[in-house]
Amino acid sequence: MNTNGVTIVTTDDERKKFIEFPYQHYADNDVWVPPLRMDQKKLINTEKNPFFDNAEMALFIAEHNGEIAGRISAVVDHRYNEHHGTKTGHFGFFECIDNQQTANLLFRVASDWLREKGMKDVLGPASPGMMDTIGLLVDSFDKQPYLLMPYNKPYYEKLINNAGFEEEMDLLAFYVNREDIDLTRFERALDIVYKRNPGLKIREVNMKKLNEEVEIVRNIYNQAWKDNWGFLPLTYEELQHTAKDFKMILDTDFAHIAEIDGRPVAFSIALLDYNQLFKEMNGNLFPFGIFKFLFGKKKIDRLRTALLGVIPEYRGKGIDALLTQKAIEKGLPRGLTQSELSWVLGTNTEMIRLAERIGGSLDKTYKMYRKQL
């Protein structure tokens, strides 16, 4: 490797450096939450992550004055391009020192790789794909991120803009605090929803029939989200893979399906904010992190609504609010007093209204960027 330059990751040692860089980069940052190393390894494993059944990826690391100074991924998601009729590449896993030259170099090699693959533009950050961790944080750098939400240094926005990228879409996170919810008013509104939809029933996800439940969630999601920016239909394999990972952290108090006369029409999945535990584990589940994970659960007081979908014909009937209320109702006796609804597309007025209606306030903004190649 040159003193200043970029290397394409091919060896195990280089892959290790790629994964390890953020742990050094954020070592003095009190807000960043170290992700589990085992999860990061799985995410970039092109053999084991089903995302790569239809995608290819190159990883790059940059060196500055003999030290690792940055990293980036370049991804061609064939399914995304087939679905949208585009030739779009993605960049992701972007981390960099505050040095424009290093950032430009990383973006240039990623762009060159994508151009060689026939791509016409590049969109990101998506790490590695649009169904994974996406967006760049542009405000609220003093607030700890919720589970599976990105965090980055404040100067990244400058590095990306100066590299010629333009803002493509805002992704919003709304914060709900126990004090901000008027529970009596909320319950009155929800009584009306039940009266207007007499066959409506909310039930917990059945972990004993997880395969069937995953398929229900997938069908609703693919109908509910199909007109949204950046949408990609979820495949059975991808969702099964995610469900396997979620099994360890999914709590049925916060995973619900809404049915009308027995027909599933909506779902909501909220997750305990395990970031509150991961903060203390420094990216390692073993040997001692596992005890923090198992015994620290009771200390968690935050919840993140990560997925919510209502099939088009049942939108605007308050079912989404009902699902959100269910999570709040189950969470309060367990000491869960804070919640995040994220991410919400900046153009999704319906979800923004729902967030405001339940007492949420805009807490964080993430951005997606695009550049023509």
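Residues numbered from 1 in each chain as written. Predicted model: local features only at pLDDT ≥ 70, side-chain atom pairs only at ≥ 80, totals over all residues. Heavy atoms only, no water.

1. Looking at empty space enclosed by the protein
For step 1, the next point in the chain: The tally for this structure, following the rule as stated, stands at three cavities of 30 Å³ or more.
For step 2, the next point in the chain: Approximately 180 Å³ is the volume found for the largest cavity.
For step 3, the next point in the chain: Lining the largest cavity are 14 residues, and of these Val214, Ala243, Phe246, Leu250 and Ile269 sit closest to its centre.
For step 4, the next point in the chain: If you list the elements that add at least two residues to the lining of the largest cavity, you get α7 (210-224) and α8 (236-246).
For step 5, the next point in the chain: Within the lining of the largest cavity, the residues separate by chemical class into eleven nonpolar, one polar and two charged. (1 Å grid on protein atoms, 1.4 Å probe; cavity = no way out; pocket = protein on both sides within 12 Å on 5 of 7 lines; lining within 4 Å. Points joined across faces, edges and corners; volume = space filled by probe spheres on them. Helix = DSSP H or I, 4+ residues; strand = E, 2+ residues; numbered from the N terminus. Nonpolar A, V, L, I, M, F, W, Y, C, P; charged D, E, K, R; others polar.)

2. With respect to the pattern of salt bridges
For step 1, the next point in the chain: Summed over all chains, the structure comprises 25 salt bridges.
For step 2, the next point in the chain: Across the pair Glu167 and Lys367 runs a salt bridge whose closest N-O atoms are separated by 3.3 Å. Within this pair, whereas Glu167 is found in strand β9 (residues 166-177), its partner Lys367 is found in strand β15 (residues 361-372), the two being separated by 200 residues in sequence.
For step 3, the next point in the chain: One salt-bridge network, in which partners are shared between bridges, spans Glu204, Asp251, Asp253, Lys330 and Arg334. (Salt bridge = Lys/Arg side-chain N within 4 Å of Asp/Glu carboxyl O.)

3. Focus on the packing of α7 against α8
For step 1, the next point in the chain: Orientation of α7 relative to α8, taken along the N-to-C sense of each, is 125°, at an axis distance of 10 Å. By the angle between their directions, the pair α7 and α8 is classed as oblique. For the element pair α7 and α8, the recorded crossing hand is right-handed. Judged by residue contacts, Leu210, Asn211, Val214, Glu215, Val217 and Arg218 of α7 engage Tyr236, Leu239, Gln240 and Ala243 from α8.
For step 2, the next point in the chain: Broken down by class, the residue content of the contact of α7 with α8 amounts to six nonpolar, two polar and two charged. (Axes fitted to C-alpha atoms, helices over the stretch in contact; angles between N-to-C directions. Parallel < 35°, antiparallel > 145°, perpendicular 65-115°, else oblique. Left-handed = near helix turned anticlockwise from the far one by under 90°. Contact = heavy atoms within 4.5 Å.)

4. Quick look at unusual backbone geometry
For step 1, the next point in the chain: Look at the link from Gly124 to Pro125: it is a cis peptide, with omega at 0°.
For step 2, the next point in the chain: Structurally, Pro125 is set in the loop between β5 (121-124) and β6 (126-127).
For step 3, the next point in the chain: Cis peptide bonds are those with omega within 30 degrees of zero, and the linkage from Ser127 to Pro128 qualifies with -5°.
For step 4, the next point in the chain: Look at Leu148: it is not a glycine, yet its phi comes out positive at around 65°.
For step 5, the next point in the chain: With respect to the element layout, Leu148 can be found in the loop between β8 (136-137) and α5 (156-162).
For step 6, the next point in the chain: Leu148 sits in the partly exposed class, given a relative accessible area of 46%. (Buried < 20%, exposed > 50% of the residue type's maximum accessible area, 1.4 Å probe, protein only.)

5. Some thoughts on the pairing of strand β3 (residues 67-77)
For step 1, the next point in the chain: Within β3, nine of the eleven residues are buried, which leaves the element mostly enclosed by the surrounding structure.
For step 2, the next point in the chain: Here ten bridges tie strand β2 (residues 55-64) to β3, and the two strands are oriented antiparallel to one another. Bridged to Ala58 within β3 is Ala74.
For step 3, the next point in the chain: Connecting the antiparallel pair β2 and β3 is a turn made up of two residues, with Asn65 showing a positive phi of about 50°.
For step 4, the next point in the chain: Sheet topology note: the β3/strand β4 (residues 88-96) ladder contains six bridges and is antiparallel. Its bridge partner being in β4, Val75 is matched across the sheet by His90. (Pairing = 2+ DSSP bridges.)

6. Considering helix α6 (residues 183-196)
For step 1, the next point in the chain: An ideal rise of 1.5 Å per residue puts 20 Å on 14 residues; α6 measures up with 20 Å between its terminal C-alpha atoms.
For step 2, the next point in the chain: Every buried residue of α6 is listed here: Phe186, Leu190 and Val193. All buried residues of α6 fall inside an arc of 45° around its axis, so they share one side. Those residues of α6 that are exposed and aimed more than 90 degrees away from the buried face are Thr184, Arg188 and Lys195.
For step 3, the next point in the chain: Close packing links the buried residues of α6 with β10 (200-204) and α11 (319-331). (Expected span 1.5 Å × (residues − 1). Arc of directions from axis to C-beta.)

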